[in-house]
Structure formats: structure tokens, C-alpha cells
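Per-entry structural report
Chain by chain, the residues run as shown.
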Number of protein chains: 2
Amino acid sequence: LPVPKVVDHEQRRHAIAEAVWRLAAGSGLEAVSLAEVAAEAGVSKGHVQHYFANRDELLRYAAGRAGERRCARVLGHLPDPLTPLDLLRAALAAFLPTDADSRTDALLENAFLIRAVTDERLAADLLSVHRQTLGALQRLLADAQETGQLRADLDPAVEAPRLLALTTGLATHLLLGHQDTGAALATLDRALDQLRTTTEAPR
Amino acid sequence: LPVPKVVDHEQRRHAIAEAVWRLAAGSGLEAVSLAEVAAEAGVSKGHVQHYFANRDELLRYAAGRAGERRCARVLGHLPDPLTPLDLLRAALAAFLPTDADSRTDALLENAFLIRAVTDERLAADLLSVHRQTLGALQRLLADAQETGQLRADLDPAVEAPRLLALTTGLATHLLLGHQDTGAALATLDRALDQLRTTTEAPR
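Residues numbered from 1 in each chain as written. Chains lettered and ligands numbered in written order. Predicted model: local features only at pLDDT ≥ 70, side-chain atom pairs only at ≥ 80, totals over all residues. Heavy atoms only, no water.

If you check helix α7 (residues 120-146) of chain B, its first and last C-alpha atoms are 39 Å apart, about what 27 residues at 1.5 Å a residue would give, namely 39 Å. Within α7(B), burial applies to L122(B), L126(B), H130(B), T133(B), L134(B), L137(B), L140(B), L141(B), A144(B) and Q145(B). Here the buried face of α7(B) lies against α8 (156-175) of chain A together with α4 (55-76), α5 (84-93), α6 (100-116) and α8 (156-175) of chain B. Note on α7(B): the residue one or two positions beyond its end, G148(B), has a positive phi of about 85°. (Helix = DSSP H or I, 4+ residues; strand = E, 2+ residues; numbered from the N terminus. Expected span 1.5 Å × (residues − 1). Buried < 20%, exposed > 50% of the residue type's maximum accessible area, 1.4 Å probe, protein only. Contact = heavy atoms within 4.5 Å.)

What follows is the structure, encoded as C-alpha cells:
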């Protein structure tokens with residue numbers, strides 16, 4: 001009997017999202033049309049349209065997969081043994097454009113920010129991801145307080161949005177070449193040091 | 001004798017830049033073509049082309065004028081009497097999208113960020129503005145140390161980029177509706193409080 005051809009639709013959708021990332025990182029989302037995405041992915045425009053009803057749906061999908069990729073990057077670079085503070089630092093550092101993949105992610109994030117102003121569904125997606133991120137950071141801060149790494153008098157609900165805002169700003173400055181990776185990581189480490197139980201010398 | 005018609009070219013260029021701001025704030029720079037800018041400004045496309053050689057030149061001009069507008073906003077809302085710390089706070093708060101004008105500026109900034117990745121001249125313009133901003137913040141930090149408002153052991157060269165990164169990130173989160181104005185200003189004030197000579201109770 002002939003073996004039916006198994007089509008991995010998720011893999012095909014992902015390959016199209018990767019083409020969006022490459023195009024968007026090169027020249028922003030202004031350049032991304034369905035035809036260009038198809039050419040970049042080496043497939044027909046009809047193939048892209050089979051998987052995505054329109055450009056907005058494609059861009060939202062590409063945004064979601066970029067977030068998952070960042071998450072995988074954090075989990076792939078963890079020190080061992082692992083403390084809550086290590087994980088907190090890794091989660092924040094993953095937002096910084098320090099190599100090709102994370103640079104693409106940061107560019108995508110800025111491109112999506114502008115679209116979110118006029119695309120309510122994308123805005124809702126981004127808000128949901130933001131809340132998940134804040135929740136994860138708050139849990140890590142609380143864990144690090146329990147293990148005694150971070151000061152007990154800190155309020156994770158105050159520190160989490162502050163650390164995330166600092167990291168978002170550092171990512172923007174790195175993207176624009178206004179700061180280098182070493183300086184950005186030093187700024188992040190300094191912010192974390194100030195939350196530690198034992199205050200270290202200012203850097 | 002007939003009075004010669006005096007044409008204020010800078011005023012006309014500025015009116016065109018204002019049209020760019022309105023369009024970009026509505027739907028990002030993707031939507032901004034010379035024809036659309038002309039329609040929004042209520043002039044002909046030829047009029048726009050008389051003042052700007054191409055779209056890139058127009059967008060760079062609009063970016064520059066937006067920076068000047070922010071500066072004017074800071075100077076227009078200063079407390080009296082004025083301390084260096086007041087001025088530092090006002091300069092940072094001016095980056096936050098808290099009303100229609102500052103929201104437009106923040107949207108423009110993100111739109112230009114993406115363009116800067118592929119437009120070296122725009123990138124150089126933005127880097128120059130960034131350095132001026134950092135220099136001004138460093139001077140204000142040093143002034144506030146001299147008046148005894150801020151701790152003498154702080155390094156303005158370290159604190160200025162950190163405060164600016166925090167503010168840039170807060171601006172992004174405000175723009176996306178991930179945070180409200182009150183929370184963002186409280187985060188900024190908390191960061192400044194930690195630099196003060198007399199440490200206040202954590203908020």
C-alpha cells in the first residue's frame with residue numbers, strides 16, 4: 001500500500017514565519033508583502049495564502065513564534081546549578097539583541113509595536129505576552145527572595161515592571177547602536193545587584 | 001509699490017513635518033507616502049517635493065523637528081524655583097507618552113528606529129541626538145550632586161544611560177498600553193529617589 005504523504009503543517013507555517021523574520025530584520029515590516037514572504041521562503045504565494053488568510057494573520061503568527069523562540073533561547077543557556085536569580089537574569093538578558101537571532105527578535109518587536117497601534121487583535125496578543133512575562137519575572141523575584149538571594153523588603157510587583165522596562169530600553173539602545181552589549185549587560189547586572197541581600201560595591 | 005510676498009520656507013517645511021507626525025501616529029510610517037503627506041498637509045505633491053528631495057529626507061526632517069518639540073515641552077513645563085533634580089525629572093518625563101503630542105513623538109521614535117536599521121544617515125542623526133541627550137542628563141546629574149540633592153558617590157556616566165534606558169522602556173510599555181501613566185511616573189520617581197542623598201521610603 002502506498003504510504004500517505006504526511007504533511008507537517010506546523011513546520012510549513014514555521015518556515016514561512018522564518019522568512020518573515022529574515023525580511024523584517026533586514027528592512028522592517030514595511031517591506032513584508034505576501035509575495036515577498038513567499039519568494040523569501042522559496043514557495044508560491046498561493047502556498048502562503050493556504051496557511052494564512054491575510055498579511056495581518058501571518059504577522060501575528062510570526063510575532064507569536066518569535067516569543068517562543070526567545071523562551072527556548074533562555075532555557076537553552078541556563079547555568080547549572082541554577083538559582084532563581086540566575087534564571088531571572090537569563091530571562092531578562094534574552095530580551096537584549098546580542099546575536100543575530102535576538103537582534104531579529106528585537107527588530108520584530110519594534111515593528112510589531114507600531115502595528116499594534118492600529119491592530120487591536122495584535123495589541124491584545126502583545127498585552128497577553130507582556131502579562132505572562134511580568135508574571136514569570138514576579139515569580140522568579142519571589143523565589144529569589146525565598147532562597148535569600150534578594151532582599152525580603154522588595155515588592156516583586158514593583159520590581160518586575162521596572163526591570164522589564166529597563167531591559168526594553170536597553171534593547172532599543174542596543175538595536176540603534178547607542179550602547180554595546182557589554183555596557184548593556186553591566187547596566188542590567190548593576191540593577192540586579194541593587195536588589196541583592198548583600199549589597200555589592202557599585203560598578 | 002507692491003509689497004513682495006514673504007515666504008517663510010521653514011514654516012512651510014514645518015507644516016509638512018506636522019502632517020508626517022499625524023499620519024505616523026495614526027498608522028506608523030508604513031502609511032507615509034509623499035502623496036499622502038501632501039493630502040494631509042493640504043498642499044500639492046509638487047509642493048512637498050519642492051521642499052524635500054525624497055521620502056527619506058522628509059522623514060529625517062520630521063524626526064529632527066519632533067526632537068526639538070520635545071525639548072520645547074520640557075522647557076515649557078518647568079517648576080519655579082528650579083533645582084537640577086527638577087530639570088532632570090522633567091527631561092526624562094518628557095520621553096513618556098502621556099498626552100497626544102508626546103504619544104506622537106514616541107510613535108515616531110519607534111517608527112524611526114526601524115528605518116534607522118537600513119538608513120545609515122538617519123542612524124547617524126539618531127546617535128547624535130542620543131549623545132546630546134546623554135550629555136545633558138550627565139550634566140544635570142552632576143549639577144544635582146553639586147547642590148547636594150544626589151549622592152556624591154554616583155557616577156553620572158553610569159546613571160545617565162541607565163535612567164535613559166529605563167525611560168525608553170517605560171515609553172514603549174505606555175505606548176502599548178502595558179502600563180498607565182501613573183505607574184510609569186512612579187517607577188521613574190522611584191529610580192530617582194534611590195539616587196537621592198536622603199533615601200526615602202520605598203514606594
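The next point concerns the pattern of salt bridges. Per the counting criterion, the structure on display carries 22 salt bridges over all chains. Between R70(A) and E109(A) there is a salt bridge, with the nearest N and O atoms lying 3.1 Å from each other. On the criterion of sequence distance, the pair formed by R70(A) in helix α4 (residues 55-76) and E109(A) in helix α6 (residues 100-116) is long-range, its members being 39 residues apart. The partner of R196(B) in a salt bridge is D193(B), with the nearest N and O atoms 3.0 Å apart. For R196(B), a relative accessible area of 28% puts it in the partly exposed group. Members of the salt-bridge network, linked through shared partners, are E10(A), R13(A), R65(A) and E68(A). (Salt bridge = Lys/Arg side-chain N within 4 Å of Asp/Glu carboxyl O.)

This brings us to the environment of H9(A). Along the chain, the position of H9(A) falls in helix α1 (residues 9-27). Through-space distance from the C-alpha of H9(A) to that of Y51(A) is 8.2 Å; in sequence the pair is 42 residues apart.

Between the two copies, chain A and chain B, the superposition gives an RMSD of 0.0 Å; the rotation angle is 180° and the shift along the axis is 0.0 Å. The operation mapping one copy onto its partner corresponds to a two-fold rotation axis. Comparing interface residues between copies, 100% of those in chain A also lie at the interface in chain B; the contact surface is shared. (Least-squares fit on C-alpha atoms with pLDDT ≥ 70 in both.)

A word on the nonpolar core. It is characteristic of soluble globular proteins that their nonpolar side chains tend to be buried jointly. Within the largest apolar cluster, 67 residues are counted, with the highest numbers of intra-cluster contacts made by F112(A) and F112(B). Dropping the residues within four chain positions of it, F112(B) is found in contact with L29(B), L59(B), R60(B), A62(B), A63(B), L122(B) and L126(B). A160(A), A191(A), A93(B) and L188(B) belong to the second-largest nonpolar core, a separate cluster that totals 54 residues. (Core = buried A, V, L, I, M, F, W, Y, C linked by side-chain atoms within 4.5 Å.)

The next thing to look at is the packing of α4(B) against α6(B). Residues and elements named next belong to chain B. One way to put it is that α4 packs onto α6 with a least axis distance of 10 Å and a crossing angle of 140°. Classed by the angle they form, the pair α4 and α6 counts as oblique. Between α4 and α6 lies a crossing of left-handed hand. Contacts between α4 and α6 involve R55, D56, L59, R60, A62, A63, A66, R69, R70 and R73 on the former and, on the latter, D101, S102, T104, D105, L108, E109, F112 and R115. Class assignment of the residues belonging to the contact of α4 with α6 gives a composition of six nonpolar, two polar and ten charged. (Axes fitted to C-alpha atoms, helices over the stretch in contact; angles between N-to-C directions. Parallel < 35°, antiparallel > 145°, perpendicular 65-115°, else oblique. Left-handed = near helix turned anticlockwise from the far one by under 90°. Nonpolar A, V, L, I, M, F, W, Y, C, P; charged D, E, K, R; others polar.)

What follows covers the interface of chain A and chain B. Listed as interface residues are 42 residues of chain A and, on the opposing side, 42 residues of chain B. For the pair chain A and chain B, the two sides together bury roughly 3500 Å², of which 64% comes from carbon and sulfur. Where chain A meets chain B, there are two salt bridges. Here R190(A) and E159(B) are joined by a salt bridge, their closest N and O atoms 2.8 Å apart. Summed over the shared surface of chain A and chain B, the result is eight residue pairs in polar contact (both at pLDDT 80 or more). Those elements that place two or more of their residues in the side of chain A that touches chain B are α1, α6, α7 (120-146), α8 and α9 (181-193) of chain A. With 13 residues, the single largest contributor to the side of chain A that touches chain B is α8(A). Taken together, the residues of the side of chain A that touches chain B sort by class into 19 nonpolar, 15 polar and eight charged. (Buried area = accessible area lost by both parts, 1.4 Å probe. Polar contact = N/O pair within 3.5 Å; in protein donor to acceptor, adjacent residues only side chain to side chain.)

All names here are of chain A. On inspection of all chains with the given rule, the structure shows two aromatic pairs over all chains. Ring centres of F52 and Y61 lie 5.3 Å apart, and the angle between their planes is 55°; this geometry places the pair in the tilted category. Take F52 and Y61: they sit in the same class, and that class is buried. For R13, the ring lying beneath its charged end belongs to Y61, and the centroid distance is 4.6 Å. (Phe/Tyr/Trp six-rings, centres within 6.5 Å; stacked < 30°, edge-to-face > 60°. Lys NZ or Arg CZ within 6 Å of the ring centre and 35° of its normal.)

Geometric values such as these leave the question of function open.
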